[in-house]
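Given next are the chains, with one letter for each unit.
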Amino acid sequence: MIDNIQILDTQVLSDNWYVLRKITYEYTKKNGSKLTQSREVYDRGNGATILLYNKAQRTIILTRQFRLPTFVNGNESGMLIEACAGLLDKDNPEDCIRRETEEETGYKVTDVRKVFEAYMSPGSVTEILYFFIAEYTKEMKVSEGGGVEHEEENIEVLEIDINEGMKMIERGDIKDAKTIMLLQYVKLNNVL
């Protein structure tokens, strides 16, 4: 449908937290005409997410934390229930998710399995998110979790029955896309 994409100009609009750029580009349409457009692109790096599950108990580990963007968009408390996740920070996805799992949930997992990857908001955000699952047991709990203190994450760790987790999606208690995708994955693939 389009061909010969060329970046004509890139302007940094903000680099306060992550980088917001205005990119002007040109491409050739199917009919041969050229079109020039400008779009804002938010680059926050790539990330990884994981759903911990316990087959014997039929439970999952999720987290709850404050998310400002949800608060300003109508989430009264700003609290969001979600799967453990984090930015790669120059790690490979597996090392990142092992680190994040221990920091956020307190579980030290070694056998993580990548199940897919996805662009989460490709109309404006560059991020690719790598999705993992891993089985957990009580013996893998090495700390309380809750996040890294200097990052002020203030994360609550939740252990939830898988069927209750699915009901939480239906009730609107879980509204996080990555979490919904992982919960549906474990149900559709008979992991739990």
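First things first, this report covers the structure right here in the doc. Small disclaimer: the values here were computed from a predicted structure and weren't measured. (Residues numbered from 1 in each chain as written. Predicted model: local features only at pLDDT ≥ 70, side-chain atom pairs only at ≥ 80, totals over all residues. Heavy atoms only, no water.)

**Notes on the sheet that holds strand β3 (residues 34-43)**
Okay, step 1: As summarised here, the arrangement of the three strands in space is β1-β2-β3, forming an open sheet in which the pairing is antiparallel. Of all the strands in the sheet, just β1 (2-14) and β3 have a single pairing partner and so form its edges. On average, each strand axis in the sheet is inclined to that of its neighbour by 20°, with strand direction left out of account.
Okay, step 2: Both strand β2 (residues 19-29) and β3 contribute to a ladder of ten bridges, which runs antiparallel. Residue pairing across strands places Ile 23 opposite Arg 39, the latter belonging to β3. (Pairing = 2+ DSSP bridges. Helix = DSSP H or I, 4+ residues; strand = E, 2+ residues; numbered from the N terminus. Axes fitted to C-alpha atoms, helices over the stretch in contact; angles between N-to-C directions.)

**Focus on the side chain of Thr 49**
Okay, step 1: With respect to the helices and strands, the residue Thr 49 is situated in strand β4 (residues 47-54).
Okay, step 2: By relative accessible area, Thr 49 is classed as buried at 0%.
Okay, step 3: Those residues in contact with Thr 49 that lie beyond four places of it in its chain are Ala 83, Cys 84, Ala 85, Ile 97, Leu 129, Tyr 130, Phe 131, Phe 132, Lys 178 and Leu 182. (Buried < 20%, exposed > 50% of the residue type's maximum accessible area, 1.4 Å probe, protein only. Contact = heavy atoms within 4.5 Å.)

**With respect to the side chain of Thr 105**
Okay, step 1: Inspection of the secondary structure assignment puts Thr 105 in helix α2 (residues 93-105).
Okay, step 2: On the basis of relative accessibility, which here comes to 1%, the residue Thr 105 falls in the buried class.
Okay, step 3: Of the polar contacts made by the side chain of Thr 105, one reaches the backbone nitrogen of Tyr 107; its length is 3.2 Å.
Okay, step 4: Filtering out sequence-adjacent residues up to four positions away, Thr 105 remains in contact with Leu 52, Ile 61, Thr 63, Cys 84, Glu 100, Lys 141, Ser 143, Glu 144, Gly 145 and Val 157. (Polar contact = N/O pair within 3.5 Å; in protein donor to acceptor, adjacent residues only side chain to side chain.)

Just geometry here; none of it tells us what the structure is for.
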